[in-house]
2 protein chains.
Amino acid sequence: MNIRPRTRATSFDVAALAGVSQSAVSRAFTPGSSLAEEKRLRIIEAARKLNYVPNSIARSLTTQRSNIVAVILGNTANPFYLQVLEAFMHRLQAEGRQVLTFTVENGGESDEAILRVLRYQVDGVILTSAQLSTRMVSLCHDRGIPVVLFNRYIPGSDASGVRCANAEGGRQIATAFLAAGARSFAMIKGDPKGTTSQDRARGFVDRLMEAGIGRDAISELEGHSVYDGAHEAVVREFRDGRTKIPDAIFGINDIMAMGAMDALRQRFSLKVPDDVMIGGFDDIAEARRFPYRLTTVRQPIGQMVDETLAILHLDEPHRPIEPGRDVVVPGRLIWRRSIPAPRGDGETKGA
Amino acid sequence: MNIRPRTRATSFDVAALAGVSQSAVSRAFTPGSSLAEEKRLRIIEAARKLNYVPNSIARSLTTQRSNIVAVILGNTANPFYLQVLEAFMHRLQAEGRQVLTFTVENGGESDEAILRVLRYQVDGVILTSAQLSTRMVSLCHDRGIPVVLFNRYIPGSDASGVRCANAEGGRQIATAFLAAGARSFAMIKGDPKGTTSQDRARGFVDRLMEAGIGRDAISELEGHSVYDGAHEAVVREFRDGRTKIPDAIFGINDIMAMGAMDALRQRFSLKVPDDVMIGGFDDIAEARRFPYRLTTVRQPIGQMVDETLAILHLDEPHRPIEPGRDVVVPGRLIWRRSIPAPRGDGETKGA
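Along each chain, residues carry numbers from 1 onward, in the same order as the chain's sequence is written. The naming scheme follows written order: chains are lettered A onward, ligands numbered 1 onward. Side-chain atom pairs in this predicted model are given and counted only at pLDDT of 80 or more, local residue features only at pLDDT of at least 70, and totals for whole chains, interfaces and linings cover all residues. Water and hydrogen atoms were dropped before computing side-chain values, which therefore reflect all heavy atoms in the structure.

Looking at an unreviewed UniProt entry, one finds chain A named LacI family DNA-binding transcriptional regulator, with Jiella pelagia as its source organism.

Structure (structure tokens):
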């Protein structure tokens, strides 16, 4: 049994006990730095005896840097945002930083979460799939903490944002459906307050109307941005047989497209794409698998993560925050099986 | 443009400016505490003007508590561990704590990650799907930081662990296969150093041998605990047609069972369970969906999270760390479609 310690040794004590320089002690605790294995073990042993570890939080009070970045997650039920979290964890860790996670209700208010965030000394805040008031953005910016909205923007906000060309992606799916001969449509929307869902839906409808499709040939379902929500919405909409199943259904994210696809196969014994075409958005790993092979718009997560980190400029804490930047990166249509390809020649290379 | 600030106001300054008590200032920044909305806004406004926020990290240097728990993730490609991370994020946040994430290679060494962890003032460490040396566990325990291994144990280690009854679960899948008439078997194993994979495989093989199945009727494939790994292993094993496809395949986790199932359908046009039965382990959300409907062993994530937090006893930091506890919780066989049920009566209720 160990009793939790009270004393605090310094790197000087450890260096003295291990018979090395203070700089060697510092290197022993810096991942990736060079040091002979024997020396590292000796230092760790001395550190153990003295209950010493370097405390980057104590250091942060002097330097004002904690090397912690807060990620606020609004929808952990959508694998896309877990894949985004994963990308941030790996990228930040590779540069010696860690992610402190905060969750809020799907599409919910993050003001409460920001109050929590501010109790820690974080170097930046990344917010996905959630709302944030202008007041809270100012509170962060006034403290010198940059805020980046990932795949979202808040009109009138000082927060910067990085997002995919969502409306354009919606247009691409509409174009693919039209080329495959679809004339009646449904779209399954997500978080009604989220700009991501709104923009994709708008691009989709605009493109269809430009092609002469009437607004009454485009129905709308609410899927709450999750698999089960889309599954239930499809069953509810079509189970009494009075509503005709359309030629094509656009899930404004992949996980809803998958939920819709499974509902159509399971409850109505329909074949995709023969009986109904399905298009998605995101290109999550699950959508690439054999049972789904979803035609979708790929969001370039790597590039979006790069752009987000560029705005945070964590390496230059004294550079002023530049508010209100809005970076838009293009998505890419990936052809698989859920929409017949123009020349019927199958999947996009490398998809 | 805002310049990052240097000054630090105190709660006294904020209380004075807002015309409230210091305790009201504290409550304004404590999520969930009661305070009139008008007063909260006034305090936030005053805090903004003064660049004040309560800093729980500064406080942690006095109290030795940061309310941060480190979670080390060894396999972010297995959705099970992302679902576990999600459970910890929600549970810890509900009690006013946050998760600081660390990633290591799948099944890899965490010693380097622990050195990183120790640079922060964390209240506890949870480790999933990765290795950890005894030395590093001692380093944490000596600092008063409890370590819990989630679904893993390290023989001879002082770290406590919480895990599912993995060997017993492997036995349950074997029993289900036998009851359905299977006589030849394959199992797809994961991380060879991981006790989880070893125990499930051992229970599976022991049960089959007890039933008189010869060791040569049980082949072993390596799937590296991920979808693609299992998919490729199945294709490689059976593509030349010289190896007979067995009656039943056990993926020692669901994501590998799914990869195997897709490979069998996509590359060999086989039907599940008619041509080959598949069993899994974990009961991830994906395994429940229409294309998979996997018969599997459900790990009770909620209960395992509870047991982990009980061992960390974050609310009682002065209670000594009790090393080497090993908590085992039973899994539950969930009948779906990938193994014919005993009386052919379909899915487990509530599955």
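Once the structure has been displayed, the description carries forward.
Draft legend 1. Just the pairing of strand E7 (residues 218–222) of chain B, in detail. Residues and elements named next belong to chain B. Alignment of strand E6 (residues 185–189) against E7, held across 5 bridges, turns out to be parallel. By the bridge assignment, Met187 is partnered in E7 with Glu220. When the strands point away from the viewer and the path from the first strand over the helix to the second turns clockwise, the crossover is right-handed. A run of H or I in DSSP counts as a helix once it spans at least four residues, and a run of E counts as a strand once it spans at least two, with each numbered from the N terminus. The handedness of the E6 to E7 crossover, carried by helix H9 (residues 195–210), is right-handed. Strands are labelled as partners when DSSP assigns at least two bridges between them.

Draft legend 2. Main features of the sheet that holds strand E1 (residues 68–73) of chain B. Spatially, E11(A)-E5(A)-E4(A)-E3(A)-E1(A)-E2(A)-E2(B)-E1(B)-E3(B)-E4(B)-E5(B)-E11(B) is the arrangement adopted by the 12 strands of the open sheet, whose pairing is mixed. Bordering the open sheet on either side are strand E11 (326–329) of chain A together with strand E11 (326–329) of chain B, each of which pairs with just one other strand. Averaged over neighbouring strand pairs, the angle between their axes works out to 20° when direction is ignored. Relative to strand E3 (residues 124–128) of chain B, E1 of chain B is paired through 5 bridges, and the arrangement is parallel. Axis definition: a line fit to C-alpha positions, over the contact stretch in the case of helices; interaxial angles, taken between N-to-C directions, run 0 to 180 degrees.

Draft legend 3. Highlighting the nonpolar core. Ranked by size, the top nonpolar core spans 150 residues in total, and within it Phe177, Phe185 and Phe204 of chain A together with Phe177, Phe185 and Phe204 of chain B carry the most contacts. Element by element, the count of residues in this core is highest for helix H5 (residues 79–94) of chain B, at 9 residues. The term nonpolar core refers to a set of buried residues drawn from Ala, Val, Leu, Ile, Met, Phe, Trp, Tyr and Cys, joined through side-chain atoms within 4.5 Å. The classification of residues rests on relative accessible area computed with a 1.4 Å probe and restricted to protein chains. Under 20% of the type maximum is buried, over 50% is exposed, and intermediate values are partly exposed. Listed in part, the 80 residues of the second largest apolar core include Ile68 of chain A together with Ile72, Leu118 and Cys140 of chain B.

Draft legend 4. Inspection of the confidence of the model for chain A at higher detail. A score from 0 to 100, pLDDT tells how confident the predictor is in each residue. Of all residues in chain A, 90% attain a pLDDT of 70 or more, and the chain-wide mean is 88. By definition, residues are in contact when any of their heavy atoms lie within 4.5 Å. This stretch, residues 1–7 of chain A, has a pLDDT under 50; its non-local contacts, to residues over four places away or in other chains, come to 24 contacts.

Draft legend 5. Main features of unusual backbone geometry. Here the bond from Val272 of chain A into Pro273 of chain A is cis, since omega is 5°, no more than 30 degrees from zero. When you line up the elements, Pro273 of chain A lands in the loop between helix H11 (254–268) and strand E9 (277–279). For His224 of chain B, which is not glycine, the phi torsion reads 55° and is therefore positive. Tracing the chain through its elements places His224 of chain B in the loop between E7 and helix H10 (227–238). A positive phi angle is found at Asp283 of chain B, which is not glycine, with a value near 65°. With respect to the helices and strands, Asp283 of chain B occurs in the loop between strand E9 (277–279) and strand E10 (296–298).

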